[in-house]
Amino acid sequence: LQVLPVTRGYVEHQLIGHKVPRSTSGNIRIGVVYLRQLLREFRWDRDRALAAWYQGPASVRHHGPLASTKLFVSNVLALRGRGV
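Residues numbered from 1 in each chain as written. Predicted model: local features only at pLDDT ≥ 70, side-chain atom pairs only at ≥ 80, totals over all residues. Heavy atoms only, no water.

> Describe the packing of aromatic side chains, with residues and values.
For the structure on display, the rule yields three aromatic pairs. Here Tyr34 and Trp53 contribute two aromatic rings whose centre-to-centre distance is 5.5 Å and whose plane-to-plane angle is 45°, an arrangement assigned as tilted. With Tyr34 in helix α2 (residues 24-41) and Trp53 in helix α3 (residues 46-55), the pair connects residues that are 19 residues apart, well separated along the chain. (Phe/Tyr/Trp six-rings, centres within 6.5 Å; stacked < 30°, edge-to-face > 60°. Helix = DSSP H or I, 4+ residues; strand = E, 2+ residues; numbered from the N terminus.)

> For a nonpolar patch on the surface, give the residues involved together with the corresponding values.
On the surface, Leu1, Ile28 and Val32 cluster together into a nonpolar patch covering about 270 Å² of accessible area. Of note, Leu1 is situated in the segment before α1 (5-16). Using a relative accessible area of 55% as the deciding quantity, one classes Leu1 as exposed. (Patch = residues over 30% accessible without salt bridge, like charges linked within 9 Å, V, L, I, M, F, W, Y side chains within 5 Å. Areas by Shrake-Rupley, 256 points an atom, 1.4 Å probe, with all protein chains shown as cover. Salt bridge = Lys/Arg side-chain N within 4 Å of Asp/Glu carboxyl O. Buried < 20%, exposed > 50% of the residue type's maximum accessible area, 1.4 Å probe, protein only.)

> Run through the pattern of salt bridges, naming residues and quoting values.
For the structure on display, the rule yields four salt bridges. Here Glu12 ties to Lys19 by a salt bridge, and the two come within 3.9 Å at their closest N and O atoms. It is possible to trace a salt-bridge network through shared partners that takes in Arg8, Glu12 and Lys19.

So yeah, pure geometry; function would need other evidence.
What follows is the structure, encoded as structure tokens:
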């Protein structure tokens, strides 16, 4: 679960309230907390939450998902469908 440093800082300071170790399990925790926040923010719309993960929530709200974002969402959902 890759997140940008600014996103990691947001999750640590705003959503969790403390620093999280920079480890595999810490990165998973950051990613899960952020994805849960995006799901809440986009009213549990999985496609829009995944688009916001890739493109940024403000951009998705303002412009809608871009073509490259739609491809990303499609690929993620295809992997999910295959059990990956």
